[in-house]
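# Observations on chain architecture
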Amino acid sequence: MAKKEISQAVILRLPRYYRYLEDLMEQGVERISSNELSKRMHLTASQIRQDLNNFGGFGQQGYGYNIKNLHDEIAKILNIDVEHDMIIVGAGHLGQALANYTNFRKRGFLIKAVFDQDPRVIGTTVGNAPVLPMEKMDDFVKDHGIKMAAICIPKAPAVEVVESLIADGVVGIWNFAHVDLAVPENIVIENVHLSESLMRLSYRVGEVYRNQDEEKNE
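Here is what the cut-offs are and how they apply
Counting restarts for each chain, with residues numbered from 1 along the sequence as it is written. Owing to the predicted nature of the model, reporting of local features is limited to residues with pLDDT of at least 70; listing and counting of side-chain atom pairs is limited to 80 or more, with chain, interface and lining totals taken over all residues. In computing side-chain values, all of the structure's heavy atoms are included and hydrogens and water are not. Where helices and strands are cited, they refer to DSSP runs of H or I of at least four residues and of E of at least two residues respectively, numbered from the N terminus. Burial status follows relative accessibility: with a 1.4 Å probe on protein chains alone, a residue under 20% of its type maximum counts as buried, one over 50% as exposed, and anything between as partly exposed. In this analysis, two residues are considered to be in contact whenever any of their non-hydrogen atoms come within 4.5 Å of each other. Note on areas: Shrake-Rupley, 1.4 Å probe, and residue coverage restricted to the protein chains presented here. Lining residues are those with an atom within 4 Å of a point, where the points come from a 1 Å grid over the protein atoms alone and group into cavities, where a 1.4 Å probe fits but cannot get out, or pockets, open sets with protein on both sides within 12 Å along at least five of seven lines. Grid points are joined across faces, edges and corners, and a volume is the space filled by probe spheres set on the points. Lines are fitted to the C-alpha atoms to define the axes, a helix being fitted only along its stretch in contact, and any angle between axes, read from their N-to-C directions, falls within 0 to 180 degrees. Each angle receives one of four descriptions, namely roughly parallel if under 35 degrees, roughly antiparallel if over 145, roughly perpendicular if within 65 to 115, and oblique otherwise. All amino acids are sorted into three groups, where Ala, Val, Leu, Ile, Met, Phe, Trp, Tyr, Cys and Pro are nonpolar, Asp, Glu, Lys and Arg are charged, and the leftover types, Gly among them, are polar. For salt bridges, the criterion is a side-chain nitrogen of Lys or Arg within 4 Å of an Asp or Glu carboxyl oxygen.

### A short note on the overall build of the protein
Counting its regular elements, the protein contains nine helices and nine strands. Principal axes of the C-alpha set define a box for the protein whose edges measure 60 × 55 × 40 Å. Counting every position in the protein, which comprises 218 residues, the buried fraction comes to 35%. The contacts of the protein with a sequence gap of at least 6 include a subset with a gap of at least 24, amounting to 56%. Of the roughly 13,900 Å² that the protein leaves accessible, carbon and sulfur atoms contribute 51%.

### Description of the layout of surface pockets
As a volume, the largest pocket reaches approximately 1,500 Å³. Along the wall of the largest pocket there are 34 residues; nearest its centre are P15, F109, M148, W174 and E190. Looking at the lining of the largest pocket, the elements that each hand over two or more residues are α1 (8-26), β3 (84-89), α6 (102-106), β7 (148-151), β8 (172-175), β9 (188-191) and α9 (194-217). Among the elements that line the lining of the largest pocket, the one with the most residues is α1, at seven residues.

### Describing the packing of helix α2 (residues 34-41) against helix α3 (residues 45-53)
The geometry of α2 relative to α3 is characterised by a closest axis approach of 8 Å and an angle of 105° between their N-to-C directions. Taken together, the axes of α2 and α3 are roughly perpendicular relative to one another. From α2, S34, N35, L37 and S38 reach across to α3, where they touch A45, I48 and R49. Considering only residue class, the contact of α2 with α3 consists of three nonpolar, three polar and one charged.

### Considerations on the environment of M137
As for its placement among the helices and strands, M137 is situated in helix α7 (residues 137-144). With residues near it in sequence (within four places) discarded, M137 still touches I87, V89, F115, V161, S164 and L165.

### Focus: the pattern of salt bridges
Once their charged atoms are close, side chains differing in charge can pair, the charge on each being opposite to the other. Following the criterion strictly, the structure yields eight salt bridges and no others. Close ionic contact of K68 with D72 constitutes a salt bridge, the shortest N to O distance being 2.9 Å. Here K68 pairs with D72, and both are found in helix α4 (residues 67-77), just four residues apart, close to one helical turn. The class of K68 is partly exposed, set by a relative accessible area of 47%.

As structure tokens, then:
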């Protein structure tokens, strides 16, 4: 049987479901209907049911969803029911912020080391991770079986670093460098452009003001 293709829109919503369910668990809520969840998430109940039906549904009519069970099932779908050892390349402000973000460990992403070429930071610790020199990166990745890496360095060296990481066995790249990296088909990459996100925000703020001006001129 052919594997069902899941749309990117559904995949992008899964972490949001996970986060809302986690909040509900912390509040002591045990069950929730799709209608109740839709009000919290500002989605339609139909959309929620359609999304979850891609993976089996998990709910019962008139009974709703068991929040912990659904939370656990989404964790399995997102592959965060297991721990992932990863590294960060670049110990600048962004790399340090990522290494210090405690929710990564809570989600099962364990930062094992940060790599940089600045002698002022080499030998220090960021979060729980040691900052090591770049020349030790290849051996560290191979010796520790690292499969995921966050790239927080300028775009010029990013291409060469990523090529090296892939040769070392890394299969998942979280790319914060200001360049869209071309990788083989068997490598998964998430390109994160913070400035583009900020520009989208700026555009939407501009739309608010433009709409207000139009209303005033009517």
